[in-house]
Structures are given as C-alpha cells and as structure tokens.
Amino acid sequence: MLHDAALKVLGQTTSLVEKLQHIHDYLKRHHAFISRIAIALYDPSTDMVRTFIYSGEKTPLNHYHARLSGCYSLQQLAVQRKARLEQDLSVFNGSQHLHAQRIYAAGFRGSYTIPMIWGNELLGFLFFNSQQINAFDDFAIENMDVAGHLVTLMLYNERAQIKTLSATLKSALDLTHSRDPETGAHLERMSRYARLIARHCADAFHLDDHFIEHVFLFAPLHDLGKMAIPDKVLLKPGPLTEEEFNVMKTHSEAGLAMVDKLMENYGLSGLSHLSVLRNIVMHHHEAMDGSGYPSGLQGDAIPIEARIVTVADVFDALTSRRPYKEAWTNQQAFAQLQRLSGTKFDGRCVQAILDNAAEVAQIQASFNDNVFG
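The model shown is predicted, which means the values in this text are computed figures rather than measured ones. (Residues numbered from 1 in each chain as written. Predicted model: local features only at pLDDT ≥ 70, side-chain atom pairs only at ≥ 80, totals over all residues. Heavy atoms only, no water.)

With that settled, consider the side chain of R36. Looking at the element boundaries, R36 is found in strand β1 (residues 34-43). This buried residue, R36, is left without a salt bridge; D209 holds the nearest opposite charge, at 8.4 Å. A polar contact is formed between the side chain of R36 and the side chain of N129, at a distance of 2.5 Å. Contact partners of R36, with chain neighbours within four places excluded, come to H24, S55, K58, T59, P60, I103, F108, F127, F128 and N129. (Helix = DSSP H or I, 4+ residues; strand = E, 2+ residues; numbered from the N terminus. Buried < 20%, exposed > 50% of the residue type's maximum accessible area, 1.4 Å probe, protein only. Lys, Arg positive; Asp, Glu negative; His and termini not counted. Salt bridge = Lys/Arg side-chain N within 4 Å of Asp/Glu carboxyl O. Polar contact = N/O pair within 3.5 Å; in protein donor to acceptor, adjacent residues only side chain to side chain. Contact = heavy atoms within 4.5 Å.)

Have a look at this one:
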C-alpha cells in the first residue's frame, strides 16, 4: 500500500524555516505541549551565540546575542556534548541573563536544549519549549533527540553549501589574480558591520533573524563580479578615467551572471534567501538619490539588503588603508556617512552604525589587517 512519508517535505527545496516548522508540526501530533522550537547559532570567531530561527506562535527573543563564555549552562552543554532537560524553568527565576528572564516572562515553563554539534564543530543550540511544567516524558525526549540530529544535519548542509560557494569564488580569485587591493579582514569586518546595521534596523524594516544572518553570510560576495574586470583597471593605483570607470561599473551585472551560473552548476537553486545574494551583488552601488548604478534605483526601490551592505562596505573602505590612501579615523568616516545620508546612503542604515560605535570598535579590534594588509 502506498502512502505519503510524513516528512517528505524536508527533501523538497523549502527554506530551513519551513523545514523547522514541518518538524514542529510533526512532533506536536504526538507531543502537543511542544509550543516552541528555536535555533541559536554560534560564531567561534567572536564567541557569540545569536538568535536565528524559530517555530511557534511567539518568541521572546529576537535579534539577541550574548557571549557563550558568559552563559555558563550553555557552555557546559557544549563542552560535555550533552542535552539538558529543565522540567520547571522557575529554577532560573533569579537569573541575571536577559534570555532566561524573557523566556520565563513569555510563559514558557519547561525546556529541552541540545547542543548542535557536527564533527568537532559547535553550530549552535536547539531549544524545545513547553508552557507546562513536568511536560517532557521519555518518549518525547527520544523524539526530540531524533529531531535534533535531523535539524543539525539540515543546518550543517545549508551552511556547507554557502561555504562551498564562497570557497569556489575565493579560489577563482586566487587563480586568476583578479583581486581587489583589499584584505580578507575587510570582508570579515564589513560583513559584521552589515549584520550590526541589519540587527539595529530590524524593527524599522521588519527583518527577522534568518534574513539578518543571510545578509551577514552573503555580504562578503558583493564584489565577486570584479573577477571579470581587467587587472589594469581593477588594480590601478590612481583615479580611473571615465572609460575605465564605465568598465568597472560592469562588475555588478557580471557578478549577478556569475551567481546565477554558480547556482545552476552547483544545484543550489533551493538555497535560502537566494534573492538576498542576488540583490546584494547587483545593487550595492545604487544610491538613494538615483545616481548609482547599474539600474539607477532610488530610495526604497533599492533592496534593503543592498542599502545595508553599501553603508557597511563604504565605512570599511574609508577606515582602511589602501595603496592610494591612508585610513580615515572612525569619526571622520562617521562624519562622511552623515554628510551623504539621505542622498547616497539610507539614513536609517547610517544611523545604525553611528549609534553603535563601541560595537564597531570591537569588530575592528577582532579583525585587524595584518602588517602586509
């Protein structure tokens, strides 16, 4: 007798968010008390745990991040590689951690937490929550363990696809020697500036953590079209002529063509938020007043992900040393962004970076150019 597999949708080209929702729906058929499932990602380069995606009617944590070293219980799970069951979250009533306070205030009374580990890599944490105390039984825990391994595999697979794409592009750059005079640290910094801006503009632009994470992941690929620009133009130490600048401007459309070809060659058409990557590559040189390229888009017609990356990229370019210029101070760069706010740059994106000077400085300290940069 033929029948539809309960979780066949997981093999289809749906996003990680949709897959998590389907797993949640499946678990609730047998364990109706599981009211929320959430994933928090871990960034080993900064020791940060940050909210990512969730399934459920509500989540008390959006755009939240904290150092793993400051979250003792989570750190112990990562070290011991064991899950943690809390049948009554009132044990955390006196916690000083904002995430514990918000979870309890939102009405969640039980939790089961799994460290998401693939090989030796900690990817993040998976949380199952109930609004009842003493709700989790052995049968539920067995099913959540299975679901935890499945979600970890799906997360690893999605991240591996993006890493493969990025590594392919970096290898192509190295082989062709068509490299911009920028260091790897530039891409680390600007992608984190982009995430900072997106997080602090999230409410204004209605951005969720899944979208923000993909802005961070795809921001380093913004200039991949420069592989198609001749070295005599790309690596020219002085100002470009009008003809040379017209050649340089073709890198946006060349980059979009490369993205589409790579998606086809690698079979990555189902990659989450592919439109975010395409918009960043195509439109990161647009300007709010319509004077940018390649499409001359104006104002809100410019995709928000492109507006975010534009500010992040320009700020790092201003504050970085290049063969043709010295690095500006942060204050000089902030002032320049303010001068061009509303004409070249989205004012809300500019304000987000101005309001977070301390976090900007932390990013710069963590990702310094080396002496050869």
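Still to come is the rest of the account.
Another aspect to go through is the environment of E158. Residue position: E158 is located in helix α4 (residues 138-176). For the pair formed by E158 and S15, sequence separation is 143 residues and the distance between their alpha carbons is 9.3 Å.

With that settled, consider the packing of helix α12 (residues 304-318) against helix α13 (residues 330-339). Between α12 and α13, whose axes approach to 9 Å, the crossing angle comes to 140°. Taken together, the axes of α12 and α13 are oblique relative to one another. By crossing handedness, the relation of α12 to α13 is classed as right-handed. On α13, the residues that touch V311, V314, F315 and L318 of α12 are N330, A333, F334, Q336 and L337. A breakdown of the residues in the contact of α12 with α13 according to their chemical character gives seven nonpolar, two polar and no charged. (Axes fitted to C-alpha atoms, helices over the stretch in contact; angles between N-to-C directions. Parallel < 35°, antiparallel > 145°, perpendicular 65-115°, else oblique. Left-handed = near helix turned anticlockwise from the far one by under 90°. Nonpolar A, V, L, I, M, F, W, Y, C, P; charged D, E, K, R; others polar.)

The strand order β3-β2-β1-β6-β5-β4 describes an open sheet built from six strands, whose pairing is antiparallel. The open sheet has two edge strands with one neighbour each: β3 (65-67) and β4 (84-86). Each strand axis lies, on average, 25° off the axis of its neighbour in the sheet, ignoring direction. Sheet topology places β1 next to strand β2 (residues 48-56); eight bridges connect them, and they run antiparallel. Counted as the bridge partner of A40 is T51 from β2. (Pairing = 2+ DSSP bridges.)

Nothing here speaks to function; it is all geometry.
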